[in-house]
Amino acid sequence: SQELEQSPQSLIVQEGKNLTINCTSSKTLYGLYWYKQKYGEGLIFLMMLQKGGEEKSHEKITAKLDEKKQQSSLHITASQPSHAGIYLCGADRDSWGKLQFGAGTQVVVTP
Amino acid sequence: NAGVMQNPRHLVRRRGQEARLRCSPMKGHSHVYWYRQLPEEGLKFMVYLQKENIIDESGMPKERFSAEFPKEGPSILRIQQVVRGDSAAYFCASSPRDGGYTFGSGTRLTVV
């Protein structure tokens with residue numbers, strides 16, 4: 001079973017609409033990473049969160065890590081076709097050096 | 001900065017052959033990690049290496065798979081006597097001493 005639960009598994013959003021992806025762990029996370037993967041390609045780093053309650057933004061993407069460091073969300077505002085892809089959350093569980101990943105969320109942006 | 005370089009991008013091998021996958025980390029990064037992404041599955045950790053040392057190989061299959069990161073040159077993931085089930089995308093990541101992982105574009109291995 002996945003140690004990091006991502007939801008939803010997939011979502012379709014109309015261009016211009018917002019979307020949120022969640023990543024949950026039953027254990028405290030050392031560090032939480034968000035990546036984006038286009039089909040058949042590598043992973044593009046988006047954000048890294050390490051402190052409880054931390055929030056980071058880049059362009060139209062905002063990522064948060066809750067105070068207990070067990071849940072993170074990725075929010076995209078006013079989605080565009082370029083936001084389509086698979087979003088992966090990864091976490092250092094005990095210490096850095098080995099990332100465990102969620103199953104991914106496939107995002108489709110329609111006109 | 002060229003980023004993490006993996007080659008080849010695509011590799012086709014017949015069953016029983018050997019596959020060698022190469023990874024050159026980002027400049028200044030001394031830690032290398034290999035991950036495997038099987039079709040319809042998520043990314044799974046395989047091995048974590050530093051120069052001339054295997055730090056954690058808990059995700060490596062017990063047989064046929066080996067990895068090295070020599071003092072000079074790229075890190076190599078070697079799969080002997082490949083089988084169809086080895087077909088997957090293999091990703092390499094590197095980091096500096098204090099974390100922050102950068103991934104390569106991957107090598108897609110197809111075993112025919």
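Now for a quick tour of the structure. Each residue is numbered by its place in its chain's sequence as written, counting from 1. Following the order in which they are written, the chains are lettered starting with A and the ligands numbered starting with 1. Only residues with pLDDT of 70 or above have their local features reported here, since the model is predicted, and side-chain atom pairs are shown and tallied only from 80 upward, although totals for entire chains, interfaces and linings are computed over all residues. For side-chain calculations, the full set of non-hydrogen atoms in the structure is used, while hydrogens and water are omitted.

**Quick word on the overall build of chain B**
Helix numbers and strand numbers start at the N terminus; a helix is a DSSP run of H or I with at least 4 residues, a strand a run of E with at least 2. Counting its secondary structure elements, chain B contains 0 helices and 11 strands. Secondary structure of chain B in N-to-C order comes out as β-β-β-β-β-β-β-β-β-β-β. Expected size for 112 residues packed as a compact globule is a radius of gyration near 13 Å; at 13 Å, chain B falls within 12% of this value. Seen along its three principal axes, the alpha-carbon backbone of chain B occupies a region of about 40 × 25 × 25 Å. Buried residues are those whose accessible area, probed at 1.4 Å on protein chains only, stays under 20% of the maximum for their type, while exposed residues exceed 50% and partly exposed ones sit between those limits. Residues counted as buried form 47% of the 112 residues belonging to chain B. Note that the radius of gyration is over C-alpha atoms, with the globule rule given as 2.2 Å times the number of residues to the power 0.38.

**Quick look at the pattern of salt bridges**
All names here are of chain B. Here a salt bridge means any side-chain nitrogen of Lys or Arg lying within 4 Å of a carboxyl oxygen belonging to Asp or Glu. Applying the stated criterion across every chain yields a total of 5 salt bridges over all chains. Among the ionic pairs, Arg64 bridges to Asp86, the shortest N-O distance being 2.7 Å. One end of the pair, Arg64, is in the loop between β6 (53-56) and β7 (65-68); the other, Asp86, is in the loop between β8 (75-79) and β9 (88-95), with 22 residues separating them in the sequence. Here Arg64 falls in the partly exposed class, since its relative accessible area comes to 25%. In this structure Asp86 comes out as buried when scored by relative accessible area, which is 3%. Ionic contacts of the salt-bridge type, sharing partners, join the residues Glu18, Arg20 and Arg78 into one network.

**Examining the sheet that holds β7 of chain B**
To summarise the sheet geometry, strands pair through backbone hydrogen bonds and adopt either a parallel or an antiparallel arrangement. All names here are of chain B. One requirement defines pairing of two strands: DSSP has to find at least two bridges between them. One open sheet accounts for 4 strands, arranged β1-β3-β8-β7; its pairing is antiparallel. The sheet is open, and its two edges are formed by β1 (5-7) and β7, each paired on a single side. In this sheet, neighbouring strand axes are inclined to one another by 15 degrees on average, regardless of whether the strands run parallel or antiparallel. Relative to strand β3 (residues 19-24), β1 is paired through 3 bridges, and the arrangement is antiparallel. Residue pairing for β3: Met5 is matched across the bridge by Ser24. Structural elements are reduced to axes, namely lines fitted to C-alpha atoms, with helices fitted over the stretch in contact, and the angle between N-to-C directions of any two is expressed from 0 to 180 degrees.

**Overview of the layout of surface pockets**
Counted as a void, the largest pocket has a volume near 840 Å³. Think of a 1 Å grid over the protein atoms and nothing else: a 1.4 Å probe that fits but is trapped marks a cavity, an open set flanked by protein within 12 Å on at least five of seven lines marks a pocket, and residues with an atom within 4 Å of a point count as lining. Forming the boundary of the largest pocket are 28 residues, of which Tyr39 and Ile86 of chain A together with Gln37, Glu40 and Glu41 of chain B lie nearest the centre. Its residues assigned to classes, the lining of the largest pocket comprises 11 nonpolar, 13 polar and 4 charged. Grid points are joined across faces, edges and corners, and a volume is the space filled by probe spheres set on the points. Think of it as three bins: nonpolar holds Ala, Val, Leu, Ile, Met, Phe, Trp, Tyr, Cys and Pro, charged holds Asp, Glu, Lys and Arg, and polar takes everything else, Gly as well.

**Some details on the state of the cysteines**
Note: disulfide means a covalent bond formed between the sulfur atoms of two cysteine side chains. Count a disulfide wherever a pair of cysteine sulfur atoms falls within 2.5 Å. For the structure on display, the rule yields 2 disulfides over all chains. There is a disulfide in this structure between Cys23 of chain A and Cys89 of chain A, and the S-S distance comes to 2.0 Å. Here the S-S torsion is close to 75 degrees, and the disulfide linking Cys23 of chain A with Cys89 of chain A is therefore right-handed. Of the two residues, Cys23 of chain A is situated in strand β3 (residues 19-25) and Cys89 of chain A in strand β9 (residues 85-92); the sequence distance between them amounts to 66 residues. Each member of the pair Cys23 of chain A and Cys89 of chain A is classed as buried. In this model Cys23 of chain B forms its disulfide with Cys92 of chain B; the gap between the sulfur atoms is 1.8 Å. Looking along the S-S bond of the Cys23 of chain B-Cys92 of chain B disulfide, the torsion reads about -55 degrees, which is the left-handed sense. Of this pair, Cys23 of chain B sits in strand β3 while Cys92 of chain B sits in strand β9, and the two are 69 residues apart along the sequence. Taking the relative accessible area as the measure of exposure, Cys23 of chain B reaches 0% and is therefore buried. On the basis of relative accessibility, which here comes to 0%, the residue Cys92 of chain B falls in the buried class.

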